[in-house]
Structure formats: structure tokens, C-alpha cells
Amino acid sequence: MSDEIEGQGEIAAEGARPVPTCVELGVTDTDVLSDIRVVDAETGERIDKIIFADAEAGKVRRYAVENGALVLEQDQFTVIEEDRPIRIEWLGTKRKNSF
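Residues numbered from 1 in each chain as written. Predicted model: local features only at pLDDT ≥ 70, side-chain atom pairs only at ≥ 80, totals over all residues. Heavy atoms only, no water.

A. Quick peek at the packing of aromatic side chains. Under the definition given, this model contains one aromatic pair. With 6.0 Å between their ring centres and 75 degrees between their planes, Tyr 63 and Phe 77 make a pair best called edge-to-face. You can see Tyr 63 sitting in strand E5 (residues 59-63) and its partner Phe 77 sitting in strand E9 (residues 76-77), a full 14 residues away along the chain. Residue class for Tyr 63 comes out partly exposed when judged on its relative accessible area of 25%. (Phe/Tyr/Trp six-rings, centres within 6.5 Å; stacked < 30°, edge-to-face > 60°. Helix = DSSP H or I, 4+ residues; strand = E, 2+ residues; numbered from the N terminus. Buried < 20%, exposed > 50% of the residue type's maximum accessible area, 1.4 Å probe, protein only.)

Pasting the structure below:
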């Protein structure tokens, strides 16, 4: 029997929580969202203002940000959809999550 939970990534040693492979604002538990960050798999740079991220499919939906503020166009926040290699990680010693 495998130690992997489908859709939840690998289980770390000593019973740590599995890292989710897919997260979505309003769907994924807020306790989980507050403890993770989504990063570019190639650069390790954090991706902010995530709405949806699927590490296996390489899909990200996020709010556009300029100068630290959300971009507003015609009374709606601008949303960016991207196909790119990403990782979802527990924050650990990092201080800021992606949501």
C-alpha cells in the first residue's frame, strides 16, 4: 500500500501533513491556505494573490498586482490565467503565504 494520498502530494517523513497539489480560494480550507505558498518551479519565486493553483497541471489563476495593489478594470479586479510549472509548499520558516 502506498503512503501517497491521491491529489495530496507526497507525505513527508514522521507523519507531517501532505502538501496539497491543488488549492483554490473559497474551496480549500483557510487554515491550509494560510500555511502554504505557491512558487515558480524554475525560479523559486513566490506567486502572490492566488485564486487557484494546480501543481500537477501547471495552472495558475491569480489577481493582477501593480505596485502592491490589485489592478481594477471596469469595476472588476483583473485576473491572470497562466500555464507554468509551479510548486505548492508549506511555509516553514518563510513569512508570507501566496493568498
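B. Spotlight on the sheet that holds strand E11 (residues 86-90). With respect to topology, three strands assemble into an open sheet ordered E3-E2-E11, the strand pairing being antiparallel. For this open sheet the edge positions go to strand E3 (46-47) and E11, each flanked by a neighbour on one side alone. Where strand E2 (residues 36-40) meets E3, two bridges bridge the pair, whose relative direction is antiparallel. Bridge pairing in E3 links Val 39 to Arg 46. (Pairing = 2+ DSSP bridges.)

C. Fine view of the nonpolar core. Among the nonpolar cores identified, the biggest contains eleven residues, and these are Val 23, Val 32, Leu 33, Ile 36, Val 38, Ile 47, Ile 50, Ala 53, Val 60, Ile 86 and Ile 88. When contributions to this core are tallied by element, the ones reaching two or more residues are helix H1 (30-33), E2, strand E4 (50-54) and E11. Those residues within four positions of Leu 33 in sequence are excluded, and the remaining contacts are Val 23, Glu 24, Leu 25, Thr 28, Asn 97 and Phe 99. (Core = buried A, V, L, I, M, F, W, Y, C linked by side-chain atoms within 4.5 Å. Contact = heavy atoms within 4.5 Å.)

D. Here's a closer look at the confidence of the model for the protein chain. Of all residues in the protein chain, 85% have pLDDT values of 70 or greater, and the mean over the chain is 86. Confidence over residues 1-14 falls short of pLDDT 50; this stretch has 18 contacts with residues more than four positions distant or in other chains. (pLDDT = per-residue confidence, 0-100.)

E. Layout of the pattern of salt bridges. A complete count under the given rule lists eight salt bridges for this structure. Across the salt bridge formed by Arg 84 and Asp 40, the nearest N and O atoms sit 2.9 Å from each other. Residue Arg 84 is found in the loop between strand E10 (79-83) and E11, and its partner Asp 40 is found in strand E2; the two are separated by 44 residues along the sequence. (Salt bridge = Lys/Arg side-chain N within 4 Å of Asp/Glu carboxyl O.)

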